[in-house]
Every structure is written in C-alpha cells, then in structure tokens.
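# Summary of structural features
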Amino acid sequence: MTTTTTDERALADLQREHGPALFHFLLGLTFGDRQRAEDLLQETLVRAWQHPEAFDAPYDSMRPWLFTVARRLAIDARRSRQARPTEVSDVVLEAAAGEEDTADSTVSALDVRDAVRTLGPEHRAVLVQIYFRGLSVGETARALGIPAGTVKSRSYYALRQLSRNLPGYSSRSSSLSSSSSDTASAATTMSALH
C-alpha cells in the first residue's frame, strides 16, 4: 500500500505564502506561547503534506482549510493538556518550602538534653517546667513550691550554664560581658527544641 503525499515544492510554496499568517493565528490561540504555536504550525503543515487532496479542493486559496485544521489541532491540544495533571516547573519546585532537616533537629535535641542533664536538679526542674512543659513563671513557681523570683533566677543561671555547655548554639562565646546574649541564645535554642 503506497501513501500519496503532497509534493515538496507545493508544500514549500504553501508554507511561504500562508505560514506567517497561520503562525500569527496560532499565536493568538495559544495565548502567546511561541513554542506551542510553532508546534501546531508544524503539525498543520504535516496534515497538509499527508492530504494532497486538499490542494484540489474548489477553494481559491488553501488558507481556510489550513486555518480550520490549525484551529482543530489547537483545540485538541488544549483538551489533551486539560485532561492530564498540571506539570510543575523547576522554578515552582525550588520556591516550594522543603521540610526541615530532621537529622539536624534530632542532633540538636540530643545535645540540649545532654546539656540539661549536667545542670543541678533545682535548675533542671525549672527549665523542664518552663521550656519542656510550657508553664509560665507563676505556674512553675506553684508547681515547684518556690517563689516566682527564685524561678526567674534559676532559669537565668540555668540558661547561662547551658550556653556554656552548648557553644555551637550560641551566637557569641560565653563570657561575663556577654552573658545576657548567651542566655537569650540558650533560651531560643530551648524554645525551638520544645
């Protein structure tokens, strides 16, 4: 079985005469997507090549036939895209928030727990109530049966000791002049790991 196709010269003439107008028409149908318009133009010309009988039609020009084929191809392509899931570009994937690295947070939690174990029982009890159980200073004072001022004092000195035991988590090295920033850094670490 032999298939007849359009003469290459006739197809080249067709592309030269109607190609620019057809491309502009397809560009409008694809909402300015040049790649899709070019693909549809190619497919339209392939159809013209596969159907030499279209050249023998009683029309003065091939343009109406070409535009009809191109419009149908554009509709089919759009329906096909709508029938499948939307593709996600690399830009969208890079912008999407990734999950936090659980290995780092696990290591941090283990480091903090080890450092908390080095504290005296009174200091440890205060930090456990405030940072691990989420109690306020007043609630911690009632739970431990000590004054609120003592809770504040013990948490301050406990966090200061933790900042010394956890040097990698502090923004500055521990010293008496930077003890308030170290305490704040240790408190931030404790809160983040809660």
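Each value, and the rule that gives it
Residues numbered from 1 in each chain as written. Predicted model: local features only at pLDDT ≥ 70, side-chain atom pairs only at ≥ 80, totals over all residues. Heavy atoms only, no water. Helix = DSSP H or I, 4+ residues; strand = E, 2+ residues; numbered from the N terminus. Buried < 20%, exposed > 50% of the residue type's maximum accessible area, 1.4 Å probe, protein only. Contact = heavy atoms within 4.5 Å. Areas by Shrake-Rupley, 256 points an atom, 1.4 Å probe, with all protein chains shown as cover. Axes fitted to C-alpha atoms, helices over the stretch in contact; angles between N-to-C directions. Left-handed = near helix turned anticlockwise from the far one by under 90°. Nonpolar A, V, L, I, M, F, W, Y, C, P; charged D, E, K, R; others polar. Arc of directions from axis to C-beta. Phe/Tyr/Trp six-rings, centres within 6.5 Å; stacked < 30°, edge-to-face > 60°. Core = buried A, V, L, I, M, F, W, Y, C linked by side-chain atoms within 4.5 Å. pLDDT = per-residue confidence, 0-100. Salt bridge = Lys/Arg side-chain N within 4 Å of Asp/Glu carboxyl O.

## Focus on the overall build of the chain
A count of helical and extended segments in the chain gives nine helices and zero strands. Taken from N to C terminus, the helices and strands of the chain fall in the order α-α-α-α-α-α-α-α-α. Out of the 194 residues belonging to the chain, those deemed buried represent 29%. Residue pairs at least 24 apart in sequence account for 57% of intrachain contacts in the chain once pairs closer than 6 positions are excluded. Total accessible area on the chain is roughly 12900 Å²; 52% of this is exposed by carbon and sulfur atoms.

## Observations regarding the packing of helix α1 (residues 8–29) against helix α3 (residues 63–83)
Describing two packed helices takes the angle between their axes plus the distance from one axis to the other. Packing of α1 against α3 brings their axes to within 10 Å, and their N-to-C directions diverge by 35°. The crossing of α1 and α3 is right-handed. Between α1 and α3, the residues in contact are L14, E17, H18, A21, L22, F25, L26 and L29 and R63, L66, F67, A70, R71 and A74, respectively. Along the lines of polarity and charge, the residues of the contact of α1 with α3 split into 10 nonpolar, one polar and three charged.

## Observations concerning helix α6 (residues 121–132)
The complete set of buried residues in α6 reads V126, L127, Q129, I130 and Y131. Down the axis of α6, the buried set is contained in an arc of 165°. They therefore lie on one face. After α6 finishes, the residue G134 shows a positive phi value of roughly 75°.

## Some remarks on the packing of aromatic side chains
Under the defined criterion, the tally for this structure stands at two aromatic pairs. Measuring from ring centre to ring centre gives 4.7 Å for F25 and F67, while their planes differ by 35°; the resulting arrangement is tilted. You can see F25 sitting in helix α1 and its partner F67 sitting in helix α3, a full 42 residues away along the chain. Between Y156 and Y157, the ring centres sit 5.0 Å apart and the planes meet at 85°, which makes this aromatic pair edge-to-face. On the accessibility criterion, Y156 (29% relative accessible area) is partly exposed.

## Looking at the nonpolar core
In this structure, L14, L22, L26, W65 and L66 are the most contacted members of the largest nonpolar core, which totals 20 residues. Contributing elements (two or more residues each) for this core: α1, α2 (34–50) and α3. Top contributing element to this core by residue count: α3, with seven residues. Each residue touching L22, except ones within four places of it in the same chain, is listed here: L41, T44, L66, F67 and A70. Listed in part, the 15 residues of the second largest apolar core include L119, Y131, A141 and I146.

## Describing the confidence of the model for the chain
Looking at the chain as a whole, its pLDDT mean stands at 78, while 75% of the residues score no less than 70. Helix α9 (residues 179–192) is the least confidently modelled element of the chain, averaging 53 in pLDDT, while helix α7 (residues 137–144) averages 93, the highest of any element. Across residues 171–180, confidence stays below pLDDT 50; counting only partners more than four residues off in sequence or on other chains, it has 14 contacts.

## What about the packing of α1 against α2?
One can describe the packing of α1 onto α2 by two numbers: an axis separation of 10 Å at closest approach and a directional angle of 145°. As α1 runs across α2, the sense of the crossing is right-handed. Across the interface between the two elements, L11, L14, Q15, G19, L22, F23, L26 and L27 from α1 touch R34, A37, E38, L40, L41, T44, L45, A48 and W49 from α2. Grouping the amino acids of the contact of α1 with α2 by side-chain chemistry returns 12 nonpolar, three polar and two charged.

## A look at the pattern of salt bridges
A complete count under the given rule lists four salt bridges for this structure. Here R16 makes a salt bridge to D13, at a shortest N to O gap of 2.4 Å. Note that R16 and D13 are positioned in helix α1 at a spacing of three residues, about one turn of the helix. Owing to a relative accessible area of 39%, D13 belongs among the partly exposed residues under this scheme. For D114, the salt bridge identified is with R117, shortest N-O distance 2.9 Å.

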